Amino acid sequence: MAEIATGGKSGKVVIQNIGLLLSGDIDRPILDADTIVVVDGLITAVGKYKDCDVEGAKTVIDCRKTTVAPGLIDSHVHPVFGDWTPRQSQLGWIDSSMNGGVTTMISAGEVHLPGRPKDIVGLKALAITAQRAYDNFRPSGVKVLAGAPVIEKGMVESDFKELAEAGVGLLGEVGLGTVKAGYEAKEMVAWARKYGIQSTIHTGGPSVPGSGYIDKDVVLEADADVIGHINGGHTSLPEAHVCELCEKSSRAIEIVHNGNEKTAIAAARAAIELKCPHRVILGTDGPAGSGVQPLGILRMVSFITAFAQIPAEQVFCFATGNTARIRNLNCGLIEVGRDADFVFMDRAQHSPAAGLLESVALGDLPGVGMVMIDGIVRAGRSRNTPPATEVPVVL
Ligand SMILES: [Zn+2]
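The model shown is predicted, which means the values in this text are computed figures rather than measured ones.

Helix and strand counts for the chain stand at 11 helices and 22 strands. A compact globule built from 395 residues should have a C-alpha radius of gyration of about 21 Å, and the chain, at 20 Å, falls within 12% of that. For the C-alpha atoms alone, the extent of the chain along its principal axes is close to 60 × 45 × 35 Å. Relative to its 395 residues, the chain shows a buried fraction of 57%. Excluding contacts between residues fewer than 6 apart, the proportion of contacts in the chain whose partners are at least 24 apart in sequence is 73%.

Considered domain by domain, the chain is made up of domain 1 (3-70 + 331-394) and domain 2 (76-294). On a C-alpha basis, the centroid separation for the pair domain 1 and domain 2 is 29 Å. With 18 residues of domain 1 at the contact, the number on the domain 2 side is 17 residues. Within the residue set of the side of domain 1 that touches domain 2, elements represented by two or more residues are strand 1 (3-4), strand 20 (367-373) and strand 21 (376-379).

Compared with the 18 Å implied by 1.5 Å per residue over 13 residues, the 19 Å span of helix 7 (residues 261-273) between its first and last C-alpha is a close match. All of the buried residues in helix 7 are T263, A264, I265, A266, A267, A268, A270 and A271. Positive backbone phi, approximately 60°, marks K275, located one or two places after helix 7.

Bridge count for strand 5 (residues 35-39) against strand 6 (residues 42-47) is 5 bridges, and the pairing is antiparallel. Of the residues in strand 6, the one forming a bridge with T35 is G47. Linking strand 5 to strand 6, which pair antiparallel, is a turn of 2 residues; within it D40 sits at a positive phi near 45°.

Attention now goes to the nonpolar core. One finds V68, V174, I253, I255, A267, A268 and V301 to be the most contacted residues of the largest nonpolar core, which totals 121 residues. No other element matches the 7 residues that helix 7 contributes to this core. For this core, the domains that each give at least three residues are domain 1 (3-70 + 331-394) and domain 2 (76-294). Excluding its chain neighbours within four sequence positions, the residues that come into contact with V174 are I151, V179, A185, V189, S199, T200, I201, H202, A222 and A224.

Bringing the packing of helix 6 (residues 239-248) against helix 7 into the picture now. One way to put it is that helix 6 packs onto helix 7 with a least axis distance of 9 Å and a crossing angle of 30°. Viewed along their axes, helix 6 and helix 7 form a crossing whose handedness is right-handed. Contact residues: helix 6 offers E239, V242, C243 and C246, while helix 7 offers T263, A266, A267, A270 and A271. Of the residues in the contact of helix 6 with helix 7, the class split is 7 nonpolar, 1 polar and 1 charged.

The 4 strands lie next to each other as 15-16-17-18, forming an open sheet whose pairing is parallel. For this open sheet the edge positions go to strand 15 (200-201) and strand 18 (280-283), each flanked by a neighbour on one side alone. As defined by bridge partners, strand 16 (residues 226-227) adjoins strand 17 (residues 252-256) across 2 bridges and the pair is classed as parallel. Paired with V226 across the bridge in strand 17 is A252.

So, on to the sheet that holds strand 6. Pairing is mixed in the open sheet, where 5 strands are placed in the order 6-5-2-7-22. Here the strands that pair on one side only, and so sit at the sheet edges, are strand 6 and strand 22 (393-394). Pairing of strand 7 (residues 59-62) with strand 22, which is carried by 2 bridges, proceeds in the antiparallel orientation. Each residue of the ladder has a partner; that of D62, found in strand 22, is V393.

Here we take up the environment of S250. You can see S250 is positioned in the loop between helix 6 and strand 17. The exposure class assigned to S250 is exposed, which follows from the 9 C-beta atoms found within 10 Å. Between the alpha carbons of S250 and C276 there is a distance of 8.9 Å; along the sequence they are 26 residues apart.

On to unusual backbone geometry. Going from G233 to H234, the amide bond is cis rather than trans, its omega being 20°. Relative to the helices and strands, H234 is located in the loop between strand 16 and helix 6. Note that the residue after G286, namely P287, is joined by a cis bond; omega there is -15°. With respect to the helices and strands, P287 occurs in the loop between strand 18 and helix 8 (296-308). Although it is not a glycine, H229 adopts a positive phi angle of roughly 25°. Positionally, H229 belongs in the loop between strand 16 and helix 6. A count of 33 C-beta atoms within 10 Å places H229 in the buried class. The residue K275 is not glycine, and still its phi comes out positive at about 60°. Along the chain, K275 falls in the loop between helix 7 and strand 18.

A word on the pairing of strand 21. Direction of pairing for strand 20 relative to strand 21: antiparallel, over a ladder of 3 bridges. Following the sheet pairing, V371 is matched in strand 21 by A379.

Before going further, it helps to spend a moment on the packing of helix 7 against helix 8. At a minimum axis distance of 10 Å, the contact between helix 7 and helix 8 shows a crossing angle of 70°. In terms of orientation, helix 7 lies roughly perpendicular with respect to helix 8. The crossing of helix 7 and helix 8 is right-handed. Contacts from A264, I265, A268 and R269 of helix 7 reach helix 8 at I304, F307 and A308. Looking at side-chain class alone, the contact of helix 7 with helix 8 contains 6 nonpolar, no polar and 1 charged residues.

About the criteria used
- Residues numbered from 1 in each chain as written.
- Predicted model: local features only at pLDDT ≥ 70, side-chain atom pairs only at ≥ 80, totals over all residues.
- Helix = DSSP H or I, 4+ residues; strand = E, 2+ residues; numbered from the N terminus.
- Rg over C-alpha atoms; globule rule 2.2 N^0.38 Å.
- Buried ≥ 20, exposed ≤ 12 C-beta atoms within 10 Å, placed from the backbone.
- Contact = placed C-beta atoms within 7 Å.
- Domains from an automatic or database assignment.
- Expected span 1.5 Å × (residues − 1).
- Pairing = 2+ DSSP bridges.
- Core = buried A, V, L, I, M, F, W, Y, C linked by C-beta atoms within 7 Å.
- Axes fitted to C-alpha atoms, helices over the stretch in contact; angles between N-to-C directions.
- Left-handed = near helix turned anticlockwise from the far one by under 90°.
- Nonpolar A, V, L, I, M, F, W, Y, C, P; charged D, E, K, R; others polar.
- Parallel < 35°, antiparallel > 145°, perpendicular 65-115°, else oblique.

Next comes the structure, spelled out in structure tokens:
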């Protein structure tokens with residue numbers, strides 16, 4: 001299934017008979033529309049069928065009243081090369097995640113490369129290599145934004161300028177290298193920001209032997225763009241400190257699958273109570289010691305909906321439009337001009353719920369019936385989710 005990024009264009013695609021359209025926009029999570037028109041990978045119309053120009057389509061998809069949402073974004077992954085992870089000696093983990101509805105992944109550092117270079121020229125070379133490699137090669141069509149260097153002591157401002165000029169747009173988790181003090185992290189995060197590089201900080205206890213501990217005061221002082229795995233990866237800060245981070249920082253609140261489930265709920269509830277749900281984004285933090293979770297983002301959506309008691313249509317925004325806005329991506333929202341990256345879902349067979357949102361609120365996983373990236377169908381009925389009750393068909 002792997003293919004090169006420069007593959008063919010989708011041409012005109014009409015997606016019709018949508019039963020429920022989730023927008024990804026937390027201020028307006030459900031759209032009153034049943035049709036999406038796509039031309040060459042971009043959305044050109046969203047509306048009622050009778051109002052859309054559907055003539056001359058190369059591909060027509062009948063959704064059979066199922067749900068369409070923006071493709072899910074995993075805000076926190078640790079890729080290495082291609083669709084291989086040495087962490088758990090596994091091939092095909094990205095394709096497997098695409099079968100879980102994920103169409104974009106963001107690297108929090110290529111930290112699992114055996115023998116990962118930690119000298120400054122070496123870490124820069126690895127970041128540039130990873131950025132280039134995933135720009136040239138998209139496993140199963142998934143957009144992997146990689147090339148996220150782990151900062152080390154001794155880096156100077158010109159290193160960040162050089163990385164930015166070479167195309168690097170992300171820092172790996174601050175705190176996984178030798179930079180663990182707040183004042184040092186703060187200086188480097190500011191240099192990164194000056195050159196347009198977005199930063200994420202590791203939060204909580206060490207993930208695996210060799211990783212580090214970052215407390216709330218370091219997170220606040222460093223002021224990275226994303227409070228990475230605020231619920232720990234896996235060991236969490238005390239719940240009071242997690243809530244304090246939500247309150248005192250204005251940065252993104254990233255909740256991950258491979259973290260502490262109890263503080264995940266506390267962080268989600270804190271964001272709602274502080275009236276800042278637009279700050280919440282979701283990741284898996286896989287591959288990791290906990291493994292790879294092909295359904296990790298869907299599992300987070302169901303888990304947070306059911307246990308934090310937040311409406312499912314809003315929680316889907318945590319995994320789509322919120323992340324797109326915070327990370328300046330052109331996907332994640334159903335609106336004209338955005339990337340035609342979609343996940344088609346229905347309630348799983350035998351879920352006791354009447355519809356998709358109700359099934360998620362009960363804690364069930366949705367069934368994925370189709371995944372589209374750049375207007376091209378990448379998977380039909382998912383090989384990983386419970387079977388969807390109804391699936392879309394290509395006419
Ligand atoms: Zn981490």
